[in-house]
Amino acid sequence: MGAPPPISIRCECGEARAVPYGATWTCEKCGRRWDTHQIPATEYLARVRRMRRFRVELFGLLALGIGVFVPLILFVSSGLILVAGMISFFFFIWYMPFWRRRVRRAAADAPTWELHPE
Ligand SMILES: [Zn+2]
């Protein structure tokens, strides 16, 4: 599901850059070198997996809803489209904000790594 998210590095001089894991970045302003290898791969991957699980959950639920309701509407009763509409409505007004809050909280709880310039 897409490339692993980049790591945001804030240089001591104030410059910031999103760098892919495994890359090094030389700050254009002050010349400090930042090496993302200083982050243990296991910690980085654990974080990537945690954030990925949220997307899997969201798309899983959407796929489940479509998988259940499309055949019901097509083969059982077109009236069920109202039920599907109601469920989608609650999905978007209740579940989506709940989901976003959890993603935000997980992102805030995620470890921040202290890199040291070389
Ligand atoms: Zn700098």
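Refer to the structure printed above.
What counts as what
Residues numbered from 1 in each chain as written. Predicted model: local features only at pLDDT ≥ 70, side-chain atom pairs only at ≥ 80, totals over all residues. Heavy atoms only, no water. Helix = DSSP H or I, 4+ residues; strand = E, 2+ residues; numbered from the N terminus. Rg over C-alpha atoms; globule rule 2.2 N^0.38 Å. Buried < 20%, exposed > 50% of the residue type's maximum accessible area, 1.4 Å probe, protein only. Contact = heavy atoms within 4.5 Å. Areas by Shrake-Rupley, 256 points an atom, 1.4 Å probe, with all protein chains shown as cover. Lys, Arg positive; Asp, Glu negative; His and termini not counted. Charge placed at Lys NZ, Arg CZ, Asp CG, Glu CD. Axes fitted to C-alpha atoms, helices over the stretch in contact; angles between N-to-C directions. Parallel < 35°, antiparallel > 145°, perpendicular 65-115°, else oblique. Nonpolar A, V, L, I, M, F, W, Y, C, P; charged D, E, K, R; others polar. Expected span 1.5 Å × (residues − 1). Donors = N, O, S within 2.8 Å, 3.2 Å for Na, K, Ca; no water. Tetrahedral: all angles 85-135°; square planar, octahedral: opposite > 155°, others 65-115°. Patch = residues over 30% accessible without salt bridge, like charges linked within 9 Å, V, L, I, M, F, W, Y side chains within 5 Å. Salt bridge = Lys/Arg side-chain N within 4 Å of Asp/Glu carboxyl O. Bend = angle between axes of the 7 residues up to and from the residue.

Colleague: Just give me the short version of the overall build of the protein, but keep the residues and values in it.
Modeller: What the protein contains, in helices and strands, is 2 helices and 4 strands. Counting helices and strands in the order they occur from the N terminus, the protein gives β-β-β-β-α-α. For the protein, the C-alpha radius of gyration of 21 Å lies well beyond 13 Å, the compact-globule estimate for 118 residues. Taking all 118 residues of the protein together, the buried fraction comes to 21%. Put simply, of all contacts in the protein between residues at least 6 apart along the chain, 48% involve residues at least 24 apart. Surface exposure of the protein reaches about 8,300 Å², of which carbon and sulfur atoms provide 65%. In the protein, 16 side chains carry a positive charge and 9 a negative one; their mean positions are 11 Å apart.

Colleague: Give a detailed account of the packing of helix α1 (residues 41–76) against helix α2 (residues 80–109), specifying residues and quantitative values.
Modeller: Interaxial distance between α1 and α2 falls to 11 Å at its minimum, and their mutual angle equals 180 degrees. By the angle between their axes, α1 is roughly antiparallel relative to α2. Its residues assigned to classes, the contact of α1 with α2 shows 21 nonpolar, no polar and 6 charged.

Colleague: Requested: an account of α1, with residues and values cited.
Modeller: The terminal C-alpha atoms of α1, which comprises 36 residues, lie 50 Å apart, in line with the 52 Å expected from a rise of 1.5 Å per residue. Along α1, the residues that are buried comprise Tyr44, Val48, Phe54, Leu58, Phe69 and Ile73. Among the structural elements, β1 (7–10) and α2 are those in contact with the buried residues of α1.

Colleague: Could you give an account of the coordination of the zinc ion, naming the residues involved and the relevant values?
Modeller: Expected angles at a metal are 109.5 degrees for tetrahedral coordination by four donors and either 90 or 180 degrees for octahedral coordination by six donors. Around the zinc ion, the donor atoms from the protein are Cys11 (SG), Cys13 (SG), Cys27 (SG) and Cys30 (SG), and they sit 2.2 to 2.3 Å away. For the zinc ion, the 4 donor atoms in the first shell make angles of 102 to 116 degrees at the metal, so the coordination geometry reads as tetrahedral. All donors to the zinc ion come from one chain, and their sequence spacing reads C-x1-C-x13-C-x2-C. Here cysteine 11, found in the loop between β1 and β2 (16–19), pairs with cysteine 30, found in the loop between β3 (24–26) and β4 (33–35); they are 19 residues apart in sequence, far enough to count as distant. For cysteine 11, a relative accessible area of 4% gives the class buried.

Colleague: Explain a positive patch on the surface to me, using residue names and the numbers behind them.
Modeller: There is a patch of like positive charges on the surface, built from Arg100, Arg101, Arg104 and Arg105. Tracing the sequence through the fold places arginine 101 in helix α2.

Colleague: Any details on α2? Residues and values, ideally.
Modeller: In a regular helix each residue adds 1.5 Å, so 30 residues correspond to 44 Å; α2 covers 41 Å between its end C-alpha atoms and thus fits that length. Maximum bend of α2: about 35 degrees, positioned at phenylalanine 91. Among the residues of α2, Ala84, Phe91, Tyr95, Met96, Trp99 and Ala106 are the ones counted as buried. For α2, the elements touching its buried residues are α1.

Colleague: Mind laying out the environment of alanine 16, listing which residues take part and the relevant values?
Modeller: Tracing the backbone through its elements, the reader meets alanine 16 in strand β2. In sequence terms alanine 16 and cysteine 27 are 11 residues apart; their C-alpha atoms lie 8.5 Å from each other. When residues no more than four places from it in sequence are discounted, the contact partners of alanine 16 are Ile9, Arg10 and Trp25.

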